[in-house]
Amino acid sequence: MPTRKLWLVRTFKLLKGGGPIPPLGLLSLAAVVREAFGTRYEIRILDTGVMGVDAVREALSAGEADLVGFSTMSCEDDLLHDLASHVKEVRSDTWTLVGGPHATVLKEDLLDDSNLDVVAVGEAERSFVEFLEEFEGERRFEKVAGLALRSDGAKIRTDERAPIGDLDELPFPAWDLIDMKAYAAFANWNGALKAEYYAVMSSSRGCPYGCYFCHNLFGKRVRARSAESVFGELKRLYEEFGVREVHVLDDIFNFNAKRAKEILTRVIDSGMKIAFAFPNGLRADRMTDELIGLFRKAGTYKVNYGFETASMRLQKVIGKNLDVAKAADVFEKTSKAGILTGAYFMFGFPTQTREEILESIDFAVHSSLDAAYFFKATPYPGSGFFEEVHGGEHGKRPTNFAEHHFFSFARSYGELDAAELNELILLAQERFIFSVRRLWRGFWKAPKKWRFVKGVFEALALGLQAFLIRRLIAVPKKDGKA
């Protein structure tokens, strides 16, 4: 049987928050294809974030691929359709597939684009392997659970696929398919790196909490890899790829304290010198003094917590249900342990008032946090937030998802309009950043001092820009007054 060419494309748009990180989902998908088919598929990963859109378009122009799979975020929807159209223009018989949170929720809607052939719904590893088996055989794709596709011109959904029960069964990601050092050249959600380059890792899937802004791709049941599996992957990254820094992307790594302790203890006992960061947002109310100590001993230098708001009323409304006082205590203890400590804040939720936003800003400014990230509340497809805004009897799904990201200037769903909300976000950044105490503490904690100083000067430039915007541009209020 001839070797087929499978190109996996990560669409990426540069936003304010940072550049592309290694495409873990595609690396995992490539690994399961290799495990199932050996060398029958020649796999190539194309990343618009690293290569640029024009370079990816040029690579696709060769028309060599038998299948092209896309991994796309909602705000990259237009880029997905553009590249899929290009694939079909070059070679009309190339199969195009798309997966990820955006695809999982929109499902049949994406099939309105005739340039997309198949949508993977939910976790794609098992679905994709079975799809390729049918692709090689009788092509009875209706038999494959977890897909949306066309059959005789009609859009259909196949049976729902159950989440993967034992994540230890999945092979380690195919890291040899990308250049890790290329990703280190870009800013990332974590901030400055401690090592020359880094890898990303997922040790679990799913989250049991009811935050209504979450797309909930992996479900409400936490499925965790064993400590042995996680440590095995870390050891492989350390020994085979020379990795000395790992960013853990779990939704809630510290959900099971016993498992977290075992993983961290294995790393400590191994003697491996790995710098760890947890940029995706740990749960503050599941962090203990013992865990904080083990995080630090294992090499953790940066932790971000999902916090969202200092308003207890809003904590309940959005389903986060954090104890604000307890979270503040955990922030202080994490920071005092010598770990750079950050937290995420969201502004613009339905019913959120100006006073509640100012309450969150005051909390951040007077907290022990080393970093605070002030985002626009964003109704991602698949979330309760999205259904509230775009669903219901009179709801209408958007046709343009370009503004579905944290840094949109055009959106607000609370009591403030977008212009007022933008003004408050600038105010939050000004007040938080320009604290002598925070700057001094951040300098001593920073893994690379020169990068920290560079970042401070960039922040000063942004602060000056914010000052000019807030004071030289009249911001319209709801009553029409400036």
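Residues numbered from 1 in each chain as written. Predicted model: local features only at pLDDT ≥ 70, side-chain atom pairs only at ≥ 80, totals over all residues. Heavy atoms only, no water.

Time to look at the overall build of the protein chain. Scanning the protein chain from N- to C-terminus turns up 17 helices and 15 strands. Counting every position in the protein chain, which comprises 482 residues, the buried fraction comes to 54%. (Helix = DSSP H or I, 4+ residues; strand = E, 2+ residues; numbered from the N terminus. Buried < 20%, exposed > 50% of the residue type's maximum accessible area, 1.4 Å probe, protein only.)

With their axes 9 Å apart at the nearest point, helix H13 (residues 354-365) and helix H15 (residues 418-433) run at an angle of 15° to one another. Regarding the angle of H13 to H15, the classification is roughly parallel. Considering the relative orientation of H13 and H15, their crossing is right-handed. Across the interface between the two elements, Arg354, Ile357, Leu358, Ile361, Asp362, Ala364 and Val365 from H13 touch Leu421, Leu424, Leu427, Ala428, Arg431 and Phe432 from H15. Tallied by class, residues from the contact of H13 with H15 come to ten nonpolar, no polar and three charged. (Axes fitted to C-alpha atoms, helices over the stretch in contact; angles between N-to-C directions. Parallel < 35°, antiparallel > 145°, perpendicular 65-115°, else oblique. Left-handed = near helix turned anticlockwise from the far one by under 90°. Contact = heavy atoms within 4.5 Å. Nonpolar A, V, L, I, M, F, W, Y, C, P; charged D, E, K, R; others polar.)

Turning to the environment of Glu356, a few remarks are in order. Mapping Glu356 onto the fold places it in helix H13. As for Glu356 and Thr309, which are separated by 47 residues in sequence, their C-alpha atoms are 8.0 Å apart. Those residues within four positions of Glu356 in sequence are excluded, and the remaining contacts are Ser311, Arg313, Leu314 and Thr351. A polar side-chain atom of Glu356 sits 3.1 Å from the main-chain amide nitrogen of Thr353. (Polar contact = N/O pair within 3.5 Å; in protein donor to acceptor, adjacent residues only side chain to side chain.)

Turning to the pattern of salt bridges, a few remarks are in order. Scanning the entire structure with this criterion turns up 30 salt bridges. Put simply, Glu169 and Arg126 hold a salt bridge, and the shortest N to O gap is 3.4 Å. Residue Glu169 is found in the loop between strand S7 (154-157) and helix H7 (180-184), and its partner Arg126 is found in helix H6 (residues 125-136); the two are separated by 43 residues along the sequence. Residue Arg126 is classed as partly exposed on the basis of its relative accessible area, which comes to 26%. Note that Lys143 and Glu134 form a salt bridge whose closest N and O atoms lie 3.7 Å from each other. Assessed through its relative accessible area of 52%, Lys143 is described here as exposed. By relative accessible area, Glu134 is classed as buried at 12%. In the salt-bridge network here, residues are joined through shared partners; they are Glu123, Glu125, Arg205 and Arg223. (Salt bridge = Lys/Arg side-chain N within 4 Å of Asp/Glu carboxyl O.)

Time to look at the sheet that holds strand S8 (residues 199-201). An order of S8-S11-S12-S13-S14-S15 is seen for the six strands of this open sheet, with the pairing classed as parallel. The sheet is open, and its two edges are formed by S8 and strand S15 (371-376), each paired on a single side. The average angle at which neighbouring strand axes cross in this sheet is 20°, direction not considered. When S8 meets strand S11 (residues 245-248), the two strands line up parallel, connected through three bridges. (Pairing = 2+ DSSP bridges.)

Take the sheet that holds strand S1 (residues 4-10) next. With mixed pairing, seven strands are arranged side by side in an open sheet as S2-S1-S3-S4-S5-S6-S7. Each edge of the sheet is formed by a strand with only one pairing partner; in this case those strands are strand S2 (41-47) and S7. On average, each strand axis in the sheet is inclined to that of its neighbour by 20°, with strand direction left out of account. Relative to S7, strand S6 (residues 147-151) is paired through four bridges, and the arrangement is antiparallel. Bridge pairing links Arg150 to Lys155 in S7. The strands touched by helix H1 (residues 24-37) within the sheet are S1, S2 and strand S3 (67-71), with S2 carrying the most contacts at an inclination of about 175°. Helix-sheet contacts for H6 involve S1, S2, S3, strand S4 (95-99), strand S5 (118-120) and S6, and the interaxial angle to S4 is about 165°.

Looking now at the pairing of S1. Across the seven residues that make up S1, a large majority, five, are buried. Sheet topology places S1 next to S2; seven bridges connect them, and they run parallel. Bridging across to S2, Leu6 finds its partner in Ile43. Bridge count between S1 and S3: five bridges; the pairing is parallel. By the bridge assignment, Leu8 is partnered in S3 with Gly69.

Okay, the side chain of Ser360 next. Locating Ser360 in the fold gives a position in helix H13. Within polar-contact distance, the side chain of Ser360 engages the side chain of Thr309 at 3.5 Å. Once residues lying within four places of it in the same chain are set aside, the contact partners of Ser360 are Thr309, Ala310, Ser311, Phe345 and Phe347.

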